Amino acid sequence: MIIANGILFCDDGVFRKTDIEIESGIIKAIGKGASGVQEVIDAKGKYIIPGLVDIHIHGCAGADFCDASPESIATMARFLVSRGTTSFLGTSLTLPQATLIDIFSTAKSMMDKHAPDAAILRGINMEGPFFNPEKRGAQNKDYIADPNFDKFSELNKVSGGNIKTVAIAPEMPNGLDFIKKARGITNISLAHSAASYDIAKAAFDAGACHVTHIFNGMSPFGHRDPGIVGAAADSNATVELICDGHHVHPSAVRAVFAMFGNDKVCLISDAMTACGMPDGRYILGGQNVIVAKGAAMLEGGNTLAGSVATLFDCLKNVVKFGISLDVAVKAATINPAKAMGIDKHVGSLTKGKQADVLILNKDLSLEKVIIKGDTVSKSFN
């Protein structure tokens, strides 16, 4: 297959008019002059970008990663690829250890499997239970626990070593000790935390390297105590950013890119089971959630409970908020892939990588999805 005449997002982060050749599910060549008789897709005037990489998603299409069900993961994978996400990390919640064992064991059986018209599960984002109850957000307070390396190790073992990142509140008992033990095993992210700048900086110095949904579930960025946000900026950390239009103001979105630069921001959906579903009542981590007008809220309060946006929605929102398309694409593809250590195979249109490709119209509507060299039978926006 050759995708010809398109405006290709090259692996140096620049759009160029050129061709991409795909063979046996792998990117064979970038550039004009591909030889041989094969299928040619004329993409004149269209953008060609890598498949999106969502490193923080709980559920969609009525399914939840925490259902501990192969069918639910498969449902998520089919929906996600139809919306341009070709790789994802299933994201857990604050739940009992026995429940998490079931979830992670199930995920192990689905890891890195390619099915027709489906995104690929690349790992686990362990969000909880090692949090500060004061900043729990939509995490279930009944199951919050202090950081515990032995519990993490048990879960990582049953997952087959597939926990790509674990989120903790470093100010809680054993927080820094946990980081020192877990670094080198997985990426450590700060989240649902009231940590001051000094504590957060100590956590990054100890080995933390990532921030879960920046601004959300943490102390605010203040001029006298910049908290986790300031410590992350001073520590070269990568940060997740939810751009559904509800979690973070467009001005704050622009500020994050200005503060952290184009290589450290990772767009995420943080989507829950209601993504792609009608408004109504849903469940997240055993808690009732009401979805209306594009927002998911815990019942009876003003707490956001994840999002109902896809990563493709977030990508388009970021561009509307004033971020250039090349920077936005980077934040939805190679940045998250690098942050989670899965960039050897996905995240950019590079010779030798898996051929996960999106073709976009000039208005950024999604025209075609190709995963591992196969064209997905149906795509939507």
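The sections below set out a description of the structure shown in this document. Model, not experiment: these values are computed from the prediction.

Cut-offs applied
- Residues numbered from 1 in each chain as written.
- Predicted model: local features only at pLDDT ≥ 70, side-chain atom pairs only at ≥ 80, totals over all residues.
- Heavy atoms only, no water.
- Helix = DSSP H or I, 4+ residues; strand = E, 2+ residues; numbered from the N terminus.
- Rg over C-alpha atoms; globule rule 2.2 N^0.38 Å.
- Areas by Shrake-Rupley, 256 points an atom, 1.4 Å probe, with all protein chains shown as cover.
- Buried < 20%, exposed > 50% of the residue type's maximum accessible area, 1.4 Å probe, protein only.
- Right-handed = clockwise from strand over helix to strand, strands pointing away.
- Pairing = 2+ DSSP bridges.
- Core = buried A, V, L, I, M, F, W, Y, C linked by side-chain atoms within 4.5 Å.
- Contact = heavy atoms within 4.5 Å.
- Disulfide = S-S within 2.5 Å.
- Polar contact = N/O pair within 3.5 Å; in protein donor to acceptor, adjacent residues only side chain to side chain.
- Phe/Tyr/Trp six-rings, centres within 6.5 Å; stacked < 30°, edge-to-face > 60°.

It is worth spelling out the overall build of the protein chain at this point. Scanning the protein chain from N- to C-terminus turns up ten helices and 21 strands. A globule of 381 residues ought to have a C-alpha radius of gyration of about 21 Å, and the protein chain, at 20 Å, matches this closely. Projecting the C-alpha coordinates of the protein chain onto the three principal axes gives extents of approximately 65 × 45 × 40 Å. When the accessible area of the protein chain is evaluated, it comes to approximately 14,600 Å², of which 48% is carbon and sulfur surface.

Right, let's get into the pairing of strand β12 (residues 187–190). Working note: regular strand, side chains alternate between the two faces of the sheet. Taking every second residue as pointing to the same face, both faces of β12 are buried, with N187 and S189 on one and I188 and L190 on the other. Where the polypeptide runs from strand β11 (residues 163–168) across helix α4 (residues 175–182) and back to β12, its parallel neighbour, the crossover connection is right-handed. Judged from the two bridges that link them, β12 and strand β13 (residues 210–211) form a sheet pairing that is parallel. Bridging from a neighbouring strand, S189 pairs with H210 of β13. Taken together, β12, helix α5 (residues 197–206) and β13 constitute a β-α-β crossover, and its handedness is right-handed.

Moving on, we get to the nonpolar core. Residues F88, L241, F257, L267 and M272 are the most contacted members of the largest nonpolar core, which totals 100 residues. Ignoring sequence-local partners within four residues, the contact set of M272 consists of H58, G59, C60, Y282, I283, L284, V289, V291, A296, A305, S307 and V308.

This paragraph deals with the state of the cysteines. Working definition: the covalent bond between the sulfur atoms of two cysteines is a disulfide. Enumeration according to the criterion identifies zero disulfides in this entry. Just so you know, C60 is unpaired, no disulfide at all, and the nearest cysteine sulfur is the one on C275, 5.6 Å from it.

So, on to the side chain of K46. Within the secondary structure, K46 sits in the loop between β4 (40–42) and β5 (47–50). A distance of 2.9 Å separates polar atoms of two side chains, one belonging to K46 and the other to N361. Non-local contacts of K46, meaning those with residues more than four positions away in its chain, are made with G6, I7, I359, L360, N361 and E367.

Turning our attention to helix α8 (residues 311–320). Turning to α8, its buried residues number three or more, namely L311, F312, C314, L315, N317 and V318. Trailing α8 by a residue or two, G322 shows a phi angle of about 110°, which is positive.

Burial within strand β6 (residues 52–57) is extensive, with six of its six residues counted as buried. In the sheet, β6 pairs with strand β9 (residues 85–91) via four bridges, with the strands oriented parallel. Each residue of the ladder has a partner; that of D54, found in β9, is F88.

Under the counting rule described, the total for this entry stands at six aromatic pairs. Taken together, a centroid distance of 6.2 Å and an interplanar angle of 70° make the contact between F149 and F178 edge-to-face. Placement of the pair is F149 in helix α3 (residues 149–158) and F178 in helix α4, with a sequence separation of 29 residues. With relative accessibility at 22%, the residue F149 sits in the partly exposed group.

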